[in-house]
Amino acid sequence: VGTAGSTEIKFGAGVTPATTTDSSQQIVWDNSNNEFDIAADGTYHVLATLVLSVGGSTLTTIRIKKGSDVMNLYAAHGVHSAEDPEEVTIQSVFTCDSGDSINVTFEDDGSTATNLERGSSVLVKRLF
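The rules behind each value
Residues numbered from 1 in each chain as written. Predicted model: local features only at pLDDT ≥ 70, side-chain atom pairs only at ≥ 80, totals over all residues. Heavy atoms only, no water. Patch = residues over 30% accessible without salt bridge, like charges linked within 9 Å, V, L, I, M, F, W, Y side chains within 5 Å. Areas by Shrake-Rupley, 256 points an atom, 1.4 Å probe, with all protein chains shown as cover. Salt bridge = Lys/Arg side-chain N within 4 Å of Asp/Glu carboxyl O. Helix = DSSP H or I, 4+ residues; strand = E, 2+ residues; numbered from the N terminus. Phe/Tyr/Trp six-rings, centres within 6.5 Å; stacked < 30°, edge-to-face > 60°. Buried < 20%, exposed > 50% of the residue type's maximum accessible area, 1.4 Å probe, protein only. Core = buried A, V, L, I, M, F, W, Y, C linked by side-chain atoms within 4.5 Å. Contact = heavy atoms within 4.5 Å.

Q: Which residues make up a nonpolar patch on the surface, and what values do they have?
A: A cluster of nonpolar side chains, Val93, Leu127 and Phe128, forms an exposed patch at the surface whose accessible area comes to about 320 Å². Following the sequence through the fold, Val93 ends up in strand S7 (residues 86-96).

Written out as structure tokens, the structure reads:
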């Protein structure tokens with residue numbers, strides 16, 4: 001639980017993901033903090049597919065977070081420039097209250113720059 005070090009980067013930094021809503025119970029992308037803002041209590045499914053480019057071998061950690069609480073994390077062993085870029089997928093299902101926010105982050109071990117590439121996506125949907 002909590003946030004990572006200074007190398008943690010939120011998905012969406014520098015891009016504007018598409019947001020689809022059909023009622024007042026919305027999931028809205030917030031450009032100011034690169035998070036999905038939740039407007040309805042419920043159970044949510046988050047599916048993140050990140051296409052990462054690295055300059056060398058690194059241990060990249062991907063996190064799905066509700067606010068600053070880590071709901072799931074994956075240490076992507078073997079992300080390497082020989083397989084550059086590499087696609088990594090992570091998912092989680094958890095409850096949210098109205099006013100919560102969801103974000104996806106990635107960070108490297110500090111020795112190699114990790115960059116988010118085209119084709120990356122985060123799907124957030126309310127199950128019930």
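Q: Give a description of the packing of aromatic side chains that names residues and reports values.
A: Under the counting rule described, the total for this entry stands at 1 aromatic pair. Aromatic pair Trp29 and Phe36: ring centres 4.7 Å apart, planes at 70 degrees, arrangement edge-to-face. Both residues of the pair, Trp29 and Phe36, belong to the buried class.

Q: An account of unusual backbone geometry is requested, with residue identities and associated values reported.
A: One non-glycine residue with positive phi stands out, namely Asn34, at about 55 degrees. Here Asn34 lies in the loop between strand S2 (27-30) and strand S3 (35-38).

Q: Just give me the short version of the pattern of salt bridges, but keep the residues and values in it.
A: The final tally for this structure, using the stated rule, is 1 salt bridge. Put simply, Arg63 and Glu107 hold a salt bridge, and the shortest N to O gap is 2.9 Å. Of this pair, Arg63 sits in strand S5 (residues 58-66) while Glu107 sits in strand S8 (residues 101-107), placing them 44 residues apart in sequence. With a relative accessible area of 12%, Arg63 lands in the buried category.

Q: Can you lay out the nonpolar core for me, pointing to particular residues and giving the numbers?
A: Residues Tyr44, Val46, Ile62, Ile102, Val104, Val122 and Val124 are the most contacted members of the largest nonpolar core, which totals 23 residues. Counting only elements with at least two residues in this core, the list comes to S2, S3, strand S4 (42-54), S5, S7, S8 and strand S10 (121-126). Sort the elements by how many residues they give to this core and S4 lands first, with 5 residues. Leave out the neighbours within four places in its chain, and Val124 touches Ile27, Phe36, Tyr44, His45, Val46 and Ile102.

Q: Run through the environment of Tyr74, naming residues and quoting values.
A: Mapping Tyr74 onto the fold places it in strand S6 (residues 69-79). A residue is classified by how much of its surface remains accessible, and Tyr74, at 40% relative accessible area, is partly exposed. For the pair Tyr74 and Thr60, spaced 14 residues apart in the sequence, the C-alpha separation amounts to 8.2 Å. When near neighbours in sequence (up to four residues on either side) are disregarded, Tyr74 contacts Thr60, Thr61, Ile62, Val88 and Ile90.

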